[in-house]
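Results of the structural survey
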Amino acid sequence: MEDNASNHPSLCRMGCGFFGSAATEDMCSKCFRDYQRRKTQQQQQQSSPLGPRRSSEAYVGAVGTSEVHATPLSDLPGPAPSTEDSPPKTPKKNRCFVCRKKVGLTGFECRCGDLFCGLHRYVDQHNCSFDYKALGREELEKKHPKVVAAKIQKL
């Protein structure tokens, strides 16, 4: 009877919800691996003459070992976690700015930055705030620079 009870798996000692075994000190494989890692980390900290190492360095494995070590998520490259300073991304609205009609792929984006339907795509139909006259003047100035000849000195 006792052999049957000892072979029966029990829940992990760490409380993660998985089953543990006597070979892993009544812990599941993941908790046992973490336990072993913490244990070796503590031994390294006590034996190192330079003092304790950072906790993120303990997860990085040495070259030439056959064990696979995990790196913490904070050390992985990738997008930085969102902060309060950055505005949340909102999907682009596919509606006409004037009549709120759904435009889908046929919407016209004006230089003022808004999206319009086929009826309101023209400048006079949606009271565009973009200054086309100033844009035209700037383009003309860039294309046709003012040429000034050197003055002739009178004798």
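Throughout this description, residue numbers start from 1 for each chain and increase along the sequence as written. Only residues with pLDDT of 70 or above have their local features reported here, since the model is predicted, and side-chain atom pairs are shown and tallied only from 80 upward, although totals for entire chains, interfaces and linings are computed over all residues. Note that the side-chain values use all heavy atoms of the structure and ignore hydrogens as well as water.

Structural notes on the overall build of the chain
We count a stretch as a helix when DSSP gives it H or I for four or more residues in a row; a strand needs E for two or more, and each element gets its number in order from the N terminus. Within the chain one finds 4 helices and 4 strands. Walking the chain from its N terminus toward its C terminus, one meets helices and strands in the order α-β-β-α-α-β-β-α. Between buried and exposed lies partly exposed: a residue is buried under 20% and exposed over 50% of the maximum accessible area for its type, with that area taken using a 1.4 Å probe on protein chains only. Among the 155 residues that make up the chain, the fraction classed as buried is 14%. Contacts are assigned to residue pairs with any non-hydrogen atoms lying within 4.5 Å of each other. Excluding contacts between residues fewer than 6 apart, the proportion of contacts in the chain whose partners are at least 24 apart in sequence is 7%. For the chain, the computed accessible surface area is about 14100 Å², with 55% contributed by carbon and sulfur atoms. Computed by Shrake-Rupley with a 1.4 Å probe, the accessible areas treat only the displayed protein chains as cover when residues are assessed.

Here we look at the confidence of the model for the chain
When pLDDT is averaged along the chain, the result is 75, and 65% of the positions lie at 70 or above. You can read pLDDT as the predictor saying how much it trusts each residue, on a scale of 0 to 100. When the elements of the chain are averaged for pLDDT, helix α3 (residues 55-59) gives the smallest value, 45, and helix α4 (residues 132-143) the largest, 91. Within the model, pLDDT remains below 50 along residues 1-5, and this stretch shows 0 contacts once partners closer than five positions in the same chain are excluded. Contacts for the low-pLDDT stretch residues 55-67, under 50 throughout, to residues beyond four places or in other chains number 13 contacts.

Concerning the packing of aromatic side chains
Under the pairing criterion, centres of Phe, Tyr and Trp rings, with the six-membered ring standing for Trp, must be within 6.5 Å; the plane angle then separates stacked pairs below 30 degrees from edge-to-face pairs above 60, leaving the rest tilted. For the coordinates displayed, the defined rule picks out 2 aromatic pairs. Ring geometry for Phe-97 versus Phe-116: centroids 6.3 Å apart, planes at 85°, classification edge-to-face. You can see Phe-97 sitting in the loop between α3 and β3 (108-109) and its partner Phe-116 sitting in strand β4 (residues 115-116), a full 19 residues away along the chain. Relative accessible area serves as the criterion here: at 1%, Phe-116 is assigned to the buried category. Seen from their ring centres, Phe-130 and Tyr-132 are 4.9 Å apart, and the 75° between their planes marks the pair as edge-to-face. The partly exposed category is assigned to Phe-130, whose relative accessible area is 29%. The ring of Phe-108 carries the charged tip of Arg-121 above its face, separated from the ring centre by 4.7 Å. We call a charge positioned over a ring when the NZ of a Lys or the CZ of an Arg lies within 6 Å of the ring centre and within 35 degrees of the ring normal.

Remarks on the nonpolar core
Here, nonpolar core refers to any group of buried Ala, Val, Leu, Ile, Met, Phe, Trp, Tyr and Cys residues whose side-chain atoms link them within 4.5 Å. Counting 7 residues, the largest nonpolar core is built from Cys-96, Val-103, Cys-110, Leu-115, Phe-116, Cys-117 and Cys-128. Ignoring sequence-local partners within four residues, the contact set of Phe-116 consists of Cys-96, Phe-97, Val-98, Val-103, Gly-107, Phe-108, Cys-110, Arg-121 and His-126. The next biggest cluster of nonpolar side chains, apart from the first, holds 5 residues, and it includes Cys-12, Cys-28, Cys-31 and Phe-32.

Remarks on the pattern of salt bridges
Every case where a carboxyl oxygen of Asp or Glu lies within 4 Å of a side-chain nitrogen of Lys or Arg is listed as a salt bridge. If you walk through the whole model with that rule in mind, you get 3 salt bridges. Between Lys-30 and Asp-34 there is a salt bridge, with the nearest N and O atoms lying 3.4 Å from each other. With Lys-30 and Asp-34 both in helix α2 (residues 29-47) and 4 residues apart, the pair spans about one turn of that helix. On the basis of relative accessibility, which here comes to 23%, the residue Asp-34 falls in the partly exposed class.

A short note on a positive patch on the surface
Nonpolar side chains (Val, Leu, Ile, Met, Phe, Trp, Tyr) are joined into patches within 5 Å and like charges within 9 Å, using only residues with over 30% relative accessible area and no salt bridge. The convention is simple: Lys and Arg are positive, Asp and Glu are negative, and His and the chain ends are not counted. Lysine's charge is taken at NZ, arginine's at CZ, aspartate's at CG and glutamate's at CD. On the surface, a cluster of positive charge is made up of Lys-93, Arg-95, Arg-100 and Lys-102. Structurally, Lys-93 can be placed in the loop between α3 and β3.

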